[in-house]
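Reading the structure
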Amino acid sequence: MKKIINDPNQVVQDMIDGLIMANPATLKQVPETFVVAREDAPVQGKVALVSGGGSGHEPAHAGYIGKGVLDAAVCGEVFTSPTPDQVLEAIRAVDGGAGVFLVIKNYTGDVLNFEMAQELAEAEGIKVSHVIVNDDVAVEDSSFTTGRRGIAGTVFVHKIAGAKAEAGGSLEEVQAVAEKVVANVRSMGMALTPCIVPAAGTPSFELEEDEMEIGMGIHGEPGINRGSITSADEIAIALTDKILADYDFSGEVAVLVNGLGATPAMELYILNKKIHQILEEQGINVYKTFVGEYMTSLEMAGCSVSLLKVDDELKELLDAASEAPAFRI
Amino acid sequence: MKKIINDPNQVVQDMIDGLIMANPATLKQVPETFVVAREDAPVQGKVALVSGGGSGHEPAHAGYIGKGVLDAAVCGEVFTSPTPDQVLEAIRAVDGGAGVFLVIKNYTGDVLNFEMAQELAEAEGIKVSHVIVNDDVAVEDSSFTTGRRGIAGTVFVHKIAGAKAEAGGSLEEVQAVAEKVVANVRSMGMALTPCIVPAAGTPSFELEEDEMEIGMGIHGEPGINRGSITSADEIAIALTDKILADYDFSGEVAVLVNGLGATPAMELYILNKKIHQILEEQGINVYKTFVGEYMTSLEMAGCSVSLLKVDDELKELLDAASEAPAFRI
Amino acid sequence: MELNVNDFMRWIELTNETIQQQKNYLTSLDQPIGDGDHGINMARGLQEVMNKLQTNEYQEPSEVLKNVSMTLLSKVGGASGPLYGTAFLKMSMAIKGLNSVSMEDFTKGLQVALDGIKQRGKSNAGEKTLIDVWSPVVEHFSNQDVTSDRLMETAKRAMEETTNTIATKGRAAYFKEKSLGHIDPGSASSFYMFEALAKVLKEKE
Amino acid sequence: MELNVNDFMRWIELTNETIQQQKNYLTSLDQPIGDGDHGINMARGLQEVMNKLQTNEYQEPSEVLKNVSMTLLSKVGGASGPLYGTAFLKMSMAIKGLNSVSMEDFTKGLQVALDGIKQRGKSNAGEKTLIDVWSPVVEHFSNQDVTSDRLMETAKRAMEETTNTIATKGRAAYFKEKSLGHIDPGSASSFYMFEALAKVLKEKE
Ligand SMILES: Nc1ncnc2c1ncn2[C@@H]1O[C@H](COP(=O)(O)OP(=O)(O)O)[C@@H](O)[C@H]1O
Ligand SMILES: Nc1ncnc2c1ncn2[C@@H]1O[C@H](COP(=O)(O)OP(=O)(O)O)[C@@H](O)[C@H]1O
Ligand SMILES: [Mg+2]
Ligand SMILES: [Mg+2]
Ligand SMILES: [Mg+2]
Ligand SMILES: [Mg+2]
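Procedures and definitions
- Residues numbered from 1 in each chain as written.
- Chains lettered and ligands numbered in written order.
- Predicted model: local features only at pLDDT ≥ 70, side-chain atom pairs only at ≥ 80, totals over all residues.
- Heavy atoms only, no water.
- Domains from an automatic or database assignment.
- Buried area = accessible area lost by both parts, 1.4 Å probe.
- Salt bridge = Lys/Arg side-chain N within 4 Å of Asp/Glu carboxyl O.
- Polar contact = N/O pair within 3.5 Å; in protein donor to acceptor, adjacent residues only side chain to side chain.
- Helix = DSSP H or I, 4+ residues; strand = E, 2+ residues; numbered from the N terminus.
- Nonpolar A, V, L, I, M, F, W, Y, C, P; charged D, E, K, R; others polar.
- Phe/Tyr/Trp six-rings, centres within 6.5 Å; stacked < 30°, edge-to-face > 60°.
- Pairing = 2+ DSSP bridges.
- Axes fitted to C-alpha atoms, helices over the stretch in contact; angles between N-to-C directions.
- Contact = heavy atoms within 4.5 Å.
- Donors = N, O, S within 2.8 Å, 3.2 Å for Na, K, Ca; no water.
- Buried < 20%, exposed > 50% of the residue type's maximum accessible area, 1.4 Å probe, protein only.
- Least-squares fit on C-alpha atoms with pLDDT ≥ 70 in both.
- Near = heavy atom within 4 Å.
- Core = buried A, V, L, I, M, F, W, Y, C linked by side-chain atoms within 4.5 Å.
- Areas by Shrake-Rupley, 256 points an atom, 1.4 Å probe, with all protein chains shown as cover.
- Patch = residues over 30% accessible without salt bridge, like charges linked within 9 Å, V, L, I, M, F, W, Y side chains within 5 Å.
- Lys, Arg positive; Asp, Glu negative; His and termini not counted.
- Charge placed at Lys NZ, Arg CZ, Asp CG, Glu CD.

**Digging into the domain arrangement of chain A**
Frequently, the measure chosen for interface size is the accessible area that the parts lose on association. All names here are of chain A. For chain A, the assigned domains read domain 1 (8–184) and domain 2 (185–319). A separation of 22 Å is found between the C-alpha centroids of domain 1 and domain 2. Of the roughly 3300 Å² buried between domain 1 and domain 2 on both sides combined, carbon and sulfur atoms contribute 65%. Taking the shortest distance from any N to any O, the salt bridge between Lys-180 and Asp-311 comes out at 2.6 Å. Counting every contact that joins domain 1 to domain 2 gives 20 residue pairs in polar contact (both at pLDDT 80 or more). Of all the secondary-structure elements, those providing two or more residues to the side of domain 1 that touches domain 2 are helix H4 (154–166) and helix H5 (171–184). Counting residues per element, the side of domain 1 that touches domain 2 draws most heavily on H4, which supplies 7 residues. Grouping the amino acids of the side of domain 1 that touches domain 2 by side-chain chemistry returns 20 nonpolar, 8 polar and 9 charged.

Okay, here's the thing in structure tokens:
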């Protein structure tokens, strides 16, 4: 395990310390928690946004804290959902009287812990609502199973719901637009290498020297096809075609090409070229493109592609000012 | 070689295409070159900044294009200095009458190619000057040899000289402040894994499963010590001590903790924690901290630390507005 | 047979011992069909449970269980944290006020714990989760005279049976048919809990 | 002996052939004491030189060399691009106007090329660079009757000698003592150039 760490069981604590030291003017840690919040939280009268999940997906989620996006992020242990008491601390820290909105990715652990926190907060008289993001089309959509996973498309939910809250939207309005984003966003990823959870010390799966896996999730959950590495163009086709087959994107889209950790920006741009070509062939107009690391899986090599179908409302909110370091507008 | 690419000999072309497609409103490619420039270049009456070098260091250098930082970046083949005709094209594309300033990293290839371009541009009547960045303290400082390498500290030169140019500084003033930055910045890196130049297909060096190299350069140039992986704290000490021993940083500094490609942000923050502790022990005040990928080496795992000693002038220029995606202020 | 505060303390203590020993094994079960953290999560949680238990005095069993619940909830995380937290909370509520818990009352406690898990996890038996161990164990407590040996065997068999089911809930559900042939990690940690309980019963038999 | 346009064309053609064949070898020389791109750089540059040469007609040798220079300058990159570009530019200037180049004139051309490399690279013989091949070759041309065999041998020995020096210029300088025992990649590509030249001379001998 080649990592720049100290105690593998202290990585989240150490990371948060280093993060706050780097951004003392804009971030604060809620004392004795793994909750990071806007320095000026709670912002009175504004709906507050809280997101979070297991650590190891940086810049998700603390990188999205800032005016116009999140008010707080709850950092779980690596790849482990944070606990209800931590989420509750975040809710308390940011509630400015207008209610708190939770962005939850659809993993059993995240859903259970955030929902319990919501119940606890509501019991304290705080108005809370939430959205569950499930953008990963690699998983079959079924209400009988766990359902689709939430991956990088979550970033669009942060940005757009955050802009709505910043613009003075009510808790109901923030929820409505968040649900609209969830309805209009689809993603799929692929991996070239596994990653290692520090406390585990070994990868949870292996990929041969010439193998890749299409559809793999951000914790190494299985995809839909493991096979030989293909070209960037073929990867772009595999991901984009599956996304386009799942939802009618005709019209205009925002594109997010996300690196999982070890994949150089160069490769993401190469992929982006083909994605744009595919969309152009389909007559789909690209409104905006975001290329970079938005939701990673530690040092995994690979990428994901997300498409968000945009209308005037979503475009305006996507373009609204944001001071979150990982999604500056 | 696990890469998301098409033809290994076309990676730079494909990358630039994908980059321009992602940023059509802010970037343009100078036709039939590997030069990327501000969409609105040339900006009349402003000193224009050109940087560049081999590709594979993204976001360096095209990510620093934007109001307040660079006007153009010249992308060489992977890890190969761009040629004089390409640099000349960049100079021509951005010259707005007030002269063009070149930021060159101290590698023989970069220096030779950029200097030849400068001669050619001057022969065409364009006012050109340059600075050579040599911040890497892993290399002994000697005028009899190639001298110190230019690494991530170059980003501070881009930002500060760019701000000076944006503020209306003359070519001489831009050069003066760039030289001031070079005089006040020191860096050192370390690597945990090698990287693979796409056209070569194999790594140019190996590191054992438990090895790291302190002082390694961004193209895999040798460092000062190869040994067993140590803790993040010990790595922070090794890098920071060597930097502090090289120059008197007492007073105030800006800190840049840079990931080389495969190293997760989590690890950079863990490193940052210890760096801040060391600086605090030394009574050195941290003015600002930047943590992320600023100058990478493809998919190399590792990091570098840069310290810039700042005074009022440098602080003001560092804080000036910037629209460059890789260094937004 | 009746269970008092010390018995409950002993139950948790023995559970912790096994979980710490089996930490890597539990994690390894979570690698092929999960995200490889179940042992880490449970070991972290139970370690903290022990720390907390040792610094408090308890009047009645329900207080022990409440404390276990709160600590698991706030230290385990993932899917298993809220599920075990809920289970112990419900159990604690069911035996509230009792200084000494009869087998009948304890069975009721286990039953409401199981219901709590199902409700919280929106899941049922047969979905390859820890419910597949809790469910037959509760049945065992309801239907017949519980002995330590039979409890142990019931829990063990139930855990092993999870190799024959396809996951439809939790992270393992993404593996679909590929989840066949693997023991569900949560079933294994639940087995260790009931194994520890069986040891407590044995000591009293 | 005199060299005409065809001889110069042939020289470059033969150089390209060897460089393409030795591309991976040159790159492998650049891996232990450089950044592993010298073969890639030279192969890319000379390929382009051949493309350009074949689409043009040349009146005199200096035009061939000028074209070679410009193409190397704009296609090779790295340290070697400007150095070889400068060398061929200077050589071209030195023989400008001559339809047929005597050995004496060619020697002058090589001499100014070498001076150009030194000046551009701010370096001298003994620093483990391509100068270590150019320098003895130029000396060989100046001092004695050049034969293809002796030229070949001089260049080859000079290249091999670079294993005994420590680099102080170029990327290899960072390797300090560790650069000992390795052939300098630029010396190897220069050797291939003079080997090709020797073949041209041999064909005329
Ligand atoms: N919906 C559910 N209902 C009941 N148990 C579940 C559910 N989802 C997961 N589990 C249990 O949780 C275990 C996984 O726990 P753990 O690895 O700690 O959490 P995570 O899956 O979040 O990483 C599974 O093995 C399974 O027994
Ligand atoms: N200052 C210099 N003077 C002369 N030759 C040099 C100098 N620096 C480098 N070289 C030559 O260039 C060769 C390296 O070329 P190449 O690998 O193409 O470029 P780079 O080093 O930029 O990657 C070296 O082997 C050496 O022969
Ligand atoms: Mg987990
Ligand atoms: Mg090179
Ligand atoms: Mg798990
Ligand atoms: Mg080289």
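**Let's talk about the packing of aromatic side chains**
With the rule as written, the count across this model stands at 22 aromatic pairs over all chains. Between the aromatic rings of Phe-8 of chain C and Phe-106 of chain C, the centroid separation amounts to 5.7 Å while the plane-to-plane angle is 70 degrees, which identifies the pairing as edge-to-face. Placement of the pair is Phe-8 of chain C in helix H1 (residues 5–21) and Phe-106 of chain C in helix H6 (residues 103–121), with a sequence separation of 98 residues. Judged by centre distance (4.9 Å) and plane angle (75 degrees), the rings of Trp-134 of chain D and Phe-194 of chain D are edge-to-face. Of this pair, Trp-134 of chain D sits in helix H7 (residues 131–143) while Phe-194 of chain D sits in helix H9 (residues 185–204), and the two are 60 residues apart along the sequence. Here a set of aromatic residues connected by ring pairs shows up, and it is made of Phe-8, Trp-11, Phe-88, Phe-106 and Phe-141 of chain C.

**As for the sheet that holds strand E3 (residues 48–55) of chain B**
All names here are of chain B. Spatially, 6 strands are ordered E1-E2-E4-E3-E5-E6 in an open sheet, and the strand pairing comes out mixed. This sheet does not close on itself; its edge strands, each paired only once, are strand E1 (27–29) and strand E6 (128–133). The mean angle between the axes of side-by-side strands here comes to 25 degrees, regardless of whether they run parallel or antiparallel. With 3 bridges joining them, E1 and strand E2 (residues 35–38) adopt antiparallel strand pairing. Bridge pairing in E2 links Lys-28 to Ala-37. Along the sheet, helix H1 (residues 11–22) contacts E1, E2, E3 and strand E4 (72–78); its crossing angle with E1, the most-contacted strand, is approximately 145 degrees.

**Structural notes on the coordination of the magnesium ion (ligand 6)**
Residues and elements named next belong to chain D. Every protein donor of the magnesium ion (ligand 6) is accounted for by Asp-30 (OD), Asp-35 (OD) and Asp-37 (OD), and the metal-donor separations fall at 2.0 to 2.1 Å. Mapping the donors of the magnesium ion (ligand 6) onto the primary sequence yields the spacing D-x4-D-x1-D. The magnesium ion (ligand 4) is placed at 3.5 Å from the magnesium ion (ligand 6), the two being bridged by Asp-35. Each of the two residues, Asp-30 as well as Asp-35, counts as buried.

**Here's the deal with the relation of the copies chain B and chain A**
Taken as rigid bodies, chain B and chain A are interconverted by a rotation of 180 degrees and an axial shift of 0.0 Å, the fit giving an RMSD of 0.0 Å. One copy is carried onto the other by what is essentially a two-fold rotation axis. Taking C-alpha positions as reference, the residue of chain B nearest the rotation axis is Ala-262 of chain B, located at 1.9 Å. Taken as a fraction of all interface residues of chain B, those also at the interface in chain A reach 100%, which identifies the copy contact as same-surface.

**Comments concerning the sheet that holds strand E6 (residues 128–133) of chain A**
All names here are of chain A. Strand order across the open sheet formed by 6 strands is E1-E2-E4-E3-E5-E6, with mixed pairing between neighbours. Both edges of this open sheet fall to strand E1 (27–29) and E6, since each of them pairs with a single strand only. Taken pair by pair, the neighbouring strands of this sheet meet at an average axis angle of 25 degrees, ignoring direction.

**Overview of the site of ligand 1**
The environment of ligand 1 is formed by 20 residues, the closest being Asp-35, Ser-80, Ser-123, Asp-184 and Gly-186 of chain C. Near ligand 1, the surrounding residues are drawn from chains A and C. Contact distances for ligand 1 include 3.0 Å between an oxygen atom and a side-chain N or O atom of Asn-41 of chain C. Measuring from an oxygen atom of ligand 1, one finds a side-chain N or O atom of Ser-80 of chain C at 2.5 Å.

**A look at the nonpolar core**
If you look at the biggest cluster of nonpolar residues, it comprises 213 residues, and the most contacted ones within it are Phe-101 and Leu-271 of chain A together with Phe-101 and Leu-271 of chain B. Among residues more than four places away in sequence, those in contact with Leu-271 of chain B are Ile-4 of chain A together with Ala-232, Ile-235, Ala-236, Val-257, Cys-303 and Val-305 of chain B. Counting 58 residues, the second largest nonpolar core, distinct from the first, contains Leu-3, Ala-43, Tyr-84 and Phe-88 of chain D.

**Some words on the environment of Thr-230 of chain A**
All names here are of chain A. Tracing the backbone shows Thr-230 in the loop between strand E9 (225–228) and helix H6 (232–246). Along the primary structure Thr-230 and Glu-211 are separated by 19 residues, whereas in three dimensions their C-alpha atoms are 8.9 Å apart. For Thr-230, the residues in contact, after removing those within four places along its chain, are Met-212 and Ile-235.

**Some thoughts on the side chain of Asp-14 of chain B**
Counting through the fold element by element, Asp-14 of chain B comes out in helix H1. Asp-14 of chain B sits in the buried class, given a relative accessible area of 9%. Of the polar contacts made by the side chain of Asp-14 of chain B, one reaches the side chain of Lys-273 of chain A; its length is 2.9 Å.

**Things to note about the site of ligand 2**
Residues in close proximity to ligand 2 total 20 residues, the closest being Asp-35, Ser-80, Ser-123, Asp-184 and Gly-186 of chain D. This site is not confined to one chain, since residues near ligand 2 come from chains B and D. Note that a nitrogen atom of ligand 2 is positioned 2.9 Å from one of the backbone N or O atoms of Gly-121 of chain D. Residue Ser-123 of chain D places a side-chain N or O atom 2.7 Å away from a nitrogen atom belonging to ligand 2. Expressed as a share of its isolated accessible area of 570 Å², the protein-covered part of ligand 2 is 96%. Those elements giving two or more residues to the shell around ligand 2 turn out to be helix H3 (38–54), helix H5 (80–94) and H9 of chain D. For the shell around ligand 2, the per-class residue count stands at 4 nonpolar, 10 polar and 6 charged.

**Some details on a negative patch on the surface**
There is a patch of like negative charges on the surface, built from Glu-206, Glu-208, Glu-209 and Asp-210 of chain A. With respect to the helices, strands and loops of the structure, Glu-206 of chain A is situated in the loop between strand E7 (185–191) and strand E8 (211–214).

**As for the interface of chain B and chain A**
In this assembly, 54 residues from chain B lie in contact with 54 residues from chain A. Between chain B and chain A, roughly 4400 Å² of surface is buried when both sides are summed, and carbon and sulfur atoms account for 63% of that area. For the interface between chain B and chain A, the tally reads 4 salt bridges. Ionic pairing is found between Asp-14 of chain A and Lys-273 of chain B, a salt bridge with its closest N-O pair at 2.9 Å. If you look at where chain B meets chain A, you find 24 residue pairs in polar contact (both at pLDDT 80 or more). Looking at the side of chain B that touches chain A, the elements with two or more residues in it are H1, helix H6 (232–246), helix H7 (265–281), strand E11 (285–292) and strand E12 (302–309) of chain B. Take the side of chain B that touches chain A: its biggest share by element is 10 residues, from H7 of chain B.

**A short note on the interface of chain A and chain C**
Chain A puts 32 residues into the contact, and the matching count from chain C is 30 residues. Here chain A meets chain C over a buried area of about 2500 Å², counting both sides, of which 55% is carbon and sulfur. It is Leu-112, Met-116 and Pro-222 of chain A in chain A that bury the most area against chain C; as a group they hold 21% of the surface buried on that side. One salt bridge in this structure joins Glu-119 of chain A and Arg-120 of chain C, with 3.0 Å as the shortest N-O distance. Here chain A and chain C share 12 residue pairs in polar contact (both at pLDDT 80 or more) between them. When residues of the side of chain A that touches chain C are traced back to their parent elements, those giving at least two are helix H2 (84–94) and helix H3 (108–123) of chain A. With 7 residues, H3 of chain A is the single largest residue contributor to the side of chain A that touches chain C.

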